[in-house]
Structures are given as structure tokens and as C-alpha cells.
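Working through the structure, step by step
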Amino acid sequence: MTSNLITYELHGAVAVIGLNRPDKRNAINDDVVHQLRDAVVRGGEEADAGVIFGHGVNFSAGLDLAQLLKRMESPPPRKKTDHAWHTVFDIIARGPIPFVAALHGAVVGGGLELAAATHIRVADRTAFFGLPEGQRGIFVGGGGSVRVQRIVGYSVMADMMLTGRILSVDEAEKLNIVRYVVDEGQALTKAKELAARIAQNTPLTNWQITNVLPRISDLSHDDGLFMEYINTSMQRPPESAQRLRDFVEKRATPLQAPHKKPERRR
Ligand code: 1HE
């Protein structure tokens, strides 16, 4: 599927989804949000992991400010509707499959909020990160007050929003905004490689990691342990027994310590 503003390709078990509005620096307008929704829903149905990236030289310049201005200059709607950004970003964050973001160039405002809705972020050395909402006279609206704040904490987010501070890739890595830093032009390749690896996990375990784990972090100690117990004792992926047998019967690929070369199990 290639709609005009979002591209979608299935690479094996990985849905590769691209923001495709490079002339506007992949600024996110209503049509982008709607097409992104269709793409992530489709990915959830037919893939086991997904990648989100930006066409052109940026990931995303965030909310389409021209469209927002037009809306501000029009009469307000009579009725409240669902906030489409929240709906779509929640499908990414808490849907059926994990997503990896491949970041380069501008990752700002709503672009950073979108990246924060994914589960793993990879950035190349051209990426920079900002929340210029303060300068634009608006507030975060794509879930950033929850997701970005949970990643970087209040003091970092307040600094980014109040002063307009732009973070480099190295700063973003220190703050856990990104987990992998790669050379220029390599973010998409690395993100696809990670997604392909993730897609080999059992879908139920991936779902527990993306849906149960973040909810546990919102719970009290006691409730968290209880939720963990329920999850480990009441539902196991159907593939678990075979995977455990593979390990016990020495067919599983050994874990690899970073300082050692891979070794075959005998
Ligand atoms: C845009 C947008 C946009 C570019 N909305 N049209 N986001 C921001 O405050 C970031 C605004 N953008 C920028 O600061 C710069 O565009 C960039 C640093 C990302 C890239 O700079 P550059 O020199 O490569 O591009 P440019 O010349 O600034 O922009 C190229 C075109 O993209 C130009 O349109 P043109 O018709 O004159 O060619 C720009 O107007 C257009 N463009 N960014 C609309 N954001 C749910 S709440 C989330 C709240 C936020 O996201 S706030 C942060 C908004």
C-alpha cells in the first residue's frame, strides 16, 4: 500500500511504515494521522513487528502548524471528538505488535511524541530532538506529557519546553530517548534488523512486554507483583514449551556476551 502521505511495505514479518511528506518535513496533519492509523492497524494484523521512519532528511517536524493556525482561525466545533493523535499513538504503543522508530534529522514536537510511542528508538548522527511547543505558544498534544515525560523525567522535559533546548543524539542517548546510535543513513537498516529479531519472539511475549510491562510500571509494588504473577501463571505463549525444549535439548542459539565471539553449543 502506498497512500500519498504514508508508505507501507511488508518485509517478511515486519511492517515498514514511512512518513511521506518530506516537502513539509513530514509535519503531521489530519490526513497523515488518518493514514498512519490505517498503516499501523494493517501492520498489527499482518506483521509481527513494525518500523516507523521518515522519508527525506527528517523524521518529523511535528504538528502541522499551518493546519493548526487555520483551525484556530475557524469557529470551534460544537462537539468534542476523540483526539485522533492519542488514538493512533496508543495503537502503536499498546497495540498487538512492537514498533521500532528509525530517526534522523528533526525529531521535534509531535515527531518526538510519535517516536516516544514506539518501543525502541534508533537514531543516526543527524538526528536532533526538541519540544518547541513553548516557543509556538501551544502545549504537547500527542501524548508527550505522559510518554516523553516518563522517558526523560520532568526536569528534562520542562527544560526542553521552557527554553526550547535542542538535544543532540549523544544527549538523547544518555536520556534514554534513543537506545541505538548509528552512522548517518543507517537508522532504517538497523531498525529493520531489530524489528526482524523482535518478530522472532512469540507474539504473546511481545504483547506482554509492550502492554503489560508499562502498565505494571504505573502500579503499586504489590499490584505490580500480582499482575506479573497473573501474567506468568495464567497465560503462556503456545510456542513456549517447544522453545524451552530447544534450550534443554541444546538446540537453542546461545546468548552472546558482548565481549565474546559466538560459539556453537555442542
Ligand atoms: C512545516 C512544519 C510544521 C516545516 N508545520 N509546516 N514544530 C516545529 O515548531 C518545527 C517547525 N519546523 C522547523 O523548525 C523546520 O522546518 C525544521 C528545523 C524541522 C526543518 O528546517 P528546514 O530549513 O529544512 O525546512 P523549512 O524551510 O523550515 O520548512 C520547509 C517547509 O516545510 C516549509 O514550507 P514551504 O511551503 O515554505 O516550503 C515549512 O513551512 C514546512 N514546515 N515544519 C507546517 N511543523 C500534537 S501537539 C504537537 C505540537 C508540536 O508538534 S509543536 C512543534 C511544531
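Worth saying up front: this structure is predicted, and the values here are computed from it rather than measured.

1. Quick look at the overall build of the protein chain
- The secondary structure content of the protein chain amounts to 12 helices and eight strands.
- Seen through its C-alpha atoms, the protein chain measures out along the principal axes to roughly 70 × 40 × 40 Å.
- Here the protein chain, with 266 residues, has 41% of them falling under the buried criterion.
- Across the protein chain, contacts joining residues at least 24 apart in sequence account for 70% of those joining residues at least 6 apart.

2. Quick look at helix 4 (residues 110–117)
- Most of helix 4 is tucked away: eight of the eight residues are buried.
- Looking at helix 4, one finds that the buried residues are Gly110, Gly111, Leu112, Glu113, Leu114, Ala115, Ala116 and Ala117.

3. Some remarks on the site of the ligand
- Around the ligand there are 21 residues in total, and Lys24, Ala61, Leu63, Gly110 and Arg136 lie nearest to it.
- Here Arg25 contributes a side-chain N or O atom positioned 2.9 Å from an oxygen atom of the ligand.
- A distance of 2.9 Å is found between an oxygen atom of the ligand and a backbone nitrogen or oxygen belonging to Leu63.
- Contact with the protein chains removes 64% of the 1000 Å² of surface that the ligand exposes when unbound.
- Secondary-structure elements contributing two or more residues to the shell around the ligand are strand 5 (106–108), helix 4 and helix 5 (133–136).
- Of the residues belonging to the shell around the ligand, the class tally is nine nonpolar, five polar and seven charged.

4. Here we look at the sheet that holds strand 1 (residues 6–11)
- Spatial ordering of the open sheet is given by 1-2-3-4-6-8, a layout of six strands whose pairing is mixed. On the outer flanks of this sheet lie strand 1 and strand 8 (180–182), each paired with one strand and no other. The mean angle between the axes of side-by-side strands here comes to 20 degrees, regardless of whether they run parallel or antiparallel.
- Summarising the sheet, strand 2 (residues 14–19) and strand 3 (residues 49–54) pair through six bridges and their orientation is parallel. Residue pairing for strand 3: Val14 is matched across the bridge by Ala49.

5. What about the packing of aromatic side chains?
- A complete count under the given rule lists one aromatic pair for this structure.
- When the centroid spacing of 5.4 Å and the interplanar angle of 55 degrees are considered together, the rings of Trp85 and Phe89 count as tilted. With Trp85 and Phe89 both in helix 3 (residues 84–94) and four residues apart, the pair spans about one turn of that helix. Phe89 carries the same exposure label as Trp85, and that label is buried.

6. What about the side chain of His104?
- By the secondary structure assignment, His104 is in the loop between strand 4 (99–103) and strand 5.
- Polar contacts involving the side chain of His104 include one to the main-chain amide nitrogen of Asn58, which spans 3.4 Å.
- Those residues in contact with His104 that sit more than four places away from it in its chain are Gly54, Gly56, Val57, Asn58, Phe59, Asp124, Thr126 and Ala127.

7. Thoughts on the domain arrangement of the protein chain
- Here the protein chain is described as being made up of domain 1 (6–198) and domain 2 (203–248).
- Taken together, the nine residues of domain 1 in the interface contact seven residues of domain 2.
- Between domain 1 and domain 2, the buried area comes to about 680 Å², and carbon and sulfur atoms account for 42% of it.
- Among the residues of domain 1 in contact with domain 2, Arg94, Pro98 and Arg150 are the three that bury the most area, contributing 57% of the side total.
- Seen at the junction of domain 1 and domain 2, the total is one salt bridge.
- One salt bridge connects Arg150 with Asp218, and the closest N-O pair in it is separated by 2.8 Å.
- Our enumeration of links across domain 1 and domain 2 arrives at three residue pairs in polar contact (both at pLDDT 80 or more).

8. Things to note about unusual backbone geometry
- One non-glycine residue, Asn176, adopts positive backbone phi at about 70 degrees.
- On the secondary structure map, Asn176 appears in the loop between helix 8 (169–174) and strand 8.
- The residue Lys250 is not glycine, and still its phi comes out positive at about 60 degrees.
- Judged by its relative accessible area of 48%, Lys250 is partly exposed.

Basis of the calculations
- As a convention, each chain's residues are numbered from 1 in the sequence order in which they are written.
- Where totals are concerned, whole chains, interfaces and linings use all residues; where local detail is concerned, this predicted model gives features only for residues with pLDDT of at least 70, and gives and counts side-chain atom pairs only at 80 or more.
- Based on all heavy atoms of the structure, the side-chain values leave hydrogens and waters out of the count.
- The helix and strand labels rest on DSSP assignments: H or I over at least four residues marks a helix, E over at least two residues marks a strand, and numbering proceeds from the N terminus.
- Whether a residue is buried, partly exposed or exposed follows from its accessible area with a 1.4 Å probe, protein chains only, as a fraction of its type maximum: under 20%, in between, or over 50%, in that order.
- The contact criterion used throughout is that any non-hydrogen atoms of two residues lie within 4.5 Å.
- Only heavy atoms are used to decide nearness, and a residue is near a molecule or strand if one of them lies within 4 Å of it.
- In protein, a polar contact requires one atom able to donate a hydrogen and another able to accept it; more generally it is a pair of N or O atoms within 3.5 Å, and residues adjacent in sequence count only if both atoms are side-chain atoms.
- Note on areas: Shrake-Rupley, 1.4 Å probe, and residue coverage restricted to the protein chains presented here.
- For this classification, Asp, Glu, Lys and Arg are treated as charged, while Ala, Val, Leu, Ile, Met, Phe, Trp, Tyr, Cys and Pro are nonpolar and the rest, including Gly, are polar.
- Strand pairing is defined by DSSP finding a minimum of two bridges between the two strands.
- What counts as an axis is a line fitted to C-alpha atoms, over the stretch in contact for a helix, and the angles between N-to-C directions run from 0 to 180 degrees.
- Pairing of aromatic rings covers Phe, Tyr and the six-membered ring of Trp, with a centre-to-centre limit of 6.5 Å; geometry is then stacked below 30 degrees between planes, edge-to-face above 60, and tilted otherwise.
- Domain extents, as shown, originate in an automatic or database domain assignment.
- Using a 1.4 Å probe, buried area is obtained as the accessible area two parts lose upon being combined, added over both of them.
- A carboxyl oxygen of Asp or Glu within 4 Å of a side-chain nitrogen of Lys or Arg is what we treat as a salt bridge.

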